[in-house]
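# What the coordinates show
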Amino acid sequence: MGTPISDVDWVEKNEIMDELLHREDTLTTYAMTHGFEAEVMKISSNDESFVLKVWNKSSKPDIRFQFRLLNVLFERGVSVSKPVGWGKNANADQVLLTTFDGTPIHKVDKKKMTELANILSTIHQIHLDDFGDIQLPKYDFMDYFFPGAREHEDLYDVLASLVQMIPIKQECMIHGDFHLGNIVEENGRYTVIDWTNGQLGDRRYDFAWSFTLKKIYISERYAEVFRSAYLLENDINREDLEVFEALACLRWILLNRRGGTPKGPNTMNRIKSIIKNNRFLKKVGV
């Protein structure tokens, strides 16, 4: 009986895929926790493991782009999984196979927060010439990160005024969703996964979104460690940061209203604290 990799028409692949297909009878498949966008499974042999991601839900990102982007990032030493192949299965769903690089981070400390800040900084500092002929996508900032915002007049009014205050600079590579759920750990090495939102964007927003999520889901103390470490390598003025932190909070509120955010016992209190302490959010309600 074959594994899911034999049911795929591989459009692009490397030598690892050929080896896996050759010894397919030795592979074992395990279901993994699924995200909102795709089905995920682990495929293991005796000595190594891989992750197979199948976009069989409503989301249909450009997996060809992801495969090539991961190749470039991996070759330049960025902390990403090595891509093995991409293609389409019998249902015409896009499929991506990468190396398995660990499990999600469950405990944090100052050292980890500092290392994660340095990884994000490294991503933002990649020279665009390093991407060669890969064209990083560029989207309208509000339409991409705030879909449906116009349906929430209270949020949209604040959002529109903030975007008018500060020009969005789409001039570097951003991850788009750099949070603990998209970082795995194995033997002290951290790997950034899920590059669906990878694009040409504004590092200030990418950082502010990551920082805000850490304030909401980890703690203010560890979020500040992350913030301080990132700002040592990236000069962002205080007012710009406050604007982008307000934008990040607005995005979380919008996603929450649409039912797309996890919540713990302290989540809403932390959101209210962020709103209270940001002068641009005084008129915003959760």
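Scope of this entry: the structure provided in the associated data block. Because the structure is predicted, anything quoted here is derived from the model rather than measured. (Residues numbered from 1 in each chain as written. Predicted model: local features only at pLDDT ≥ 70, side-chain atom pairs only at ≥ 80, totals over all residues. Heavy atoms only, no water.)

It is worth spelling out the nonpolar core at this point. In globular proteins that are soluble, nonpolar side chains generally tend to be buried together. Ranked by internal contacts, the top residues of the largest apolar core, which has 44 residues, are Met113, Leu116, Phe131, Phe178, Trp195 and Phe226. Of all the elements in the fold, those that place two or more residues in this core are helix H2 (63-75), helix H3 (110-124), strand E10 (189-192), helix H6 (203-217) and helix H7 (220-233). Of the residues forming this core, the biggest block, seven residues, is contributed by H2. Leaving out residues up to four positions away in the same chain, Met113 has contacts with Val108, Leu180, Lys214, Ile218, Tyr222, Val225 and Phe226. (Core = buried A, V, L, I, M, F, W, Y, C linked by side-chain atoms within 4.5 Å. Buried < 20%, exposed > 50% of the residue type's maximum accessible area, 1.4 Å probe, protein only. Helix = DSSP H or I, 4+ residues; strand = E, 2+ residues; numbered from the N terminus. Contact = heavy atoms within 4.5 Å.)

For the rest of this paragraph, the subject is the side chain of Thr196. Structurally, the position occupied by Thr196 is in the loop between E10 and strand E11 (199-201). Taking relative accessible area as the criterion, Thr196 reaches 15% and is therefore assigned buried. A distance of 3.3 Å separates a polar atom in the side chain of Thr196 from a polar atom in the side chain of Gln66. Of note is the side chain of Thr196, whose polar atom sits 2.9 Å from the side chain of Asp194. Sequence-distant contacts of Thr196, that is, excluding residues within four places in its chain, are made with Glu37, Trp55, Pro61, Gln66 and Tyr144. (Polar contact = N/O pair within 3.5 Å; in protein donor to acceptor, adjacent residues only side chain to side chain.)

So, on to helix H8 (residues 238-257). Given 3.6 residues per turn, any residue in an α-helix points the same way as the ones three and four places further on. With 20 residues, H8 should cover 28 Å at 1.5 Å per step; its first-to-last C-alpha distance of 29 Å lies within 8% of that length. Of all 20 residues making up H8, 16 are buried, and the element is well covered by its neighbours. Residue Asn237 occupies the N-cap position of H8, its side-chain oxygen lying 3.1 Å from the main-chain nitrogen of Glu239. (Expected span 1.5 Å × (residues − 1).)

Attention shifts here to the environment of Phe50. As for its placement among the helices and strands, Phe50 is situated in strand E4 (residues 49-55). Residues Phe50 and Pro265, spaced 215 residues apart in sequence, show a C-alpha to C-alpha distance of 35 Å. In this structure Phe50 touches Ile16, Leu20, Met41, Lys42, Ile43, Val84, Leu97, Thr98, Thr99 and Phe100, once residues within four positions along its chain are discounted.

Bringing the pattern of salt bridges into the picture now. Side chains that carry opposite charge are capable of pairing whenever their charged atoms lie near each other. A full pass over the atoms with the stated rule returns 17 salt bridges. Between Glu48 and Arg23 there is a salt bridge, with the nearest N and O atoms lying 2.8 Å from each other. With Glu48 in the loop between strand E3 (39-44) and E4 and Arg23 in the loop between helix H1 (15-22) and strand E2 (28-31), this pair connects stretches of sequence that are 25 residues apart. Of the residues examined, Arg23 reaches a relative accessible area of 18% and is grouped as buried. Between Arg279 and Glu242 there is a salt bridge, with its nearest N and O atoms 3.0 Å apart. In this pair, Arg279 sits in the segment after helix H9 (267-276) while Glu242 sits in helix H8, placing the two residues 37 residues apart along the sequence. Judged by relative accessible area, Glu242 falls into the buried class, the value being 18%. Residues joined in a network through salt bridges with shared partners are Glu19, Arg23 and Glu48. (Salt bridge = Lys/Arg side-chain N within 4 Å of Asp/Glu carboxyl O.)

Further remarks concern the environment of Asp18. Inspection of the secondary structure puts Asp18 in helix H1. Given a relative accessible area of 38%, Asp18 falls into the partly exposed group. Considering only alpha carbons, one finds Asp18 and Val84, 66 residues apart in sequence, at a separation of 9.6 Å.

Helix-helix packing is characterised by the crossing angle of the two axes and by the distance between the axes. For the pair H6 and H7, interaxial distance at closest approach is 8 Å and the crossing angle is 160°. What the angle tells us is that H6 and H7 run roughly antiparallel. Helix-helix and strand crossings are classified by hand; for H6 and H7 the assignment is right-handed. Mapping the contact onto sequence places Arg203, Phe207, Ser210, Phe211, Lys214 and Lys215 in H6 and Glu220, Ala223, Glu224, Phe226, Arg227 and Tyr230 in H7. (Axes fitted to C-alpha atoms, helices over the stretch in contact; angles between N-to-C directions. Parallel < 35°, antiparallel > 145°, perpendicular 65-115°, else oblique. Left-handed = near helix turned anticlockwise from the far one by under 90°.)

Turning next to the packing of H6 against H8. Contact pair H6 / H8: the axes reach a minimum separation of 8 Å and the direction vectors enclose 60°. When the axes of H6 and H8 are compared, the pair comes out oblique. Both H6 and H8 take part in a crossing whose hand is right-handed. Seen from H6, the contacting residues are Arg204, Tyr205, Phe207, Ala208, Trp209, Phe211, Thr212, Leu213, Ile216 and Tyr217; seen from H8, they are Asp240, Leu241, Phe244, Glu245, Ala248, Cys249, Arg251, Trp252 and Leu255. Residue composition of the contact of H6 with H8, by class: 14 nonpolar, one polar and four charged. (Nonpolar A, V, L, I, M, F, W, Y, C, P; charged D, E, K, R; others polar.)

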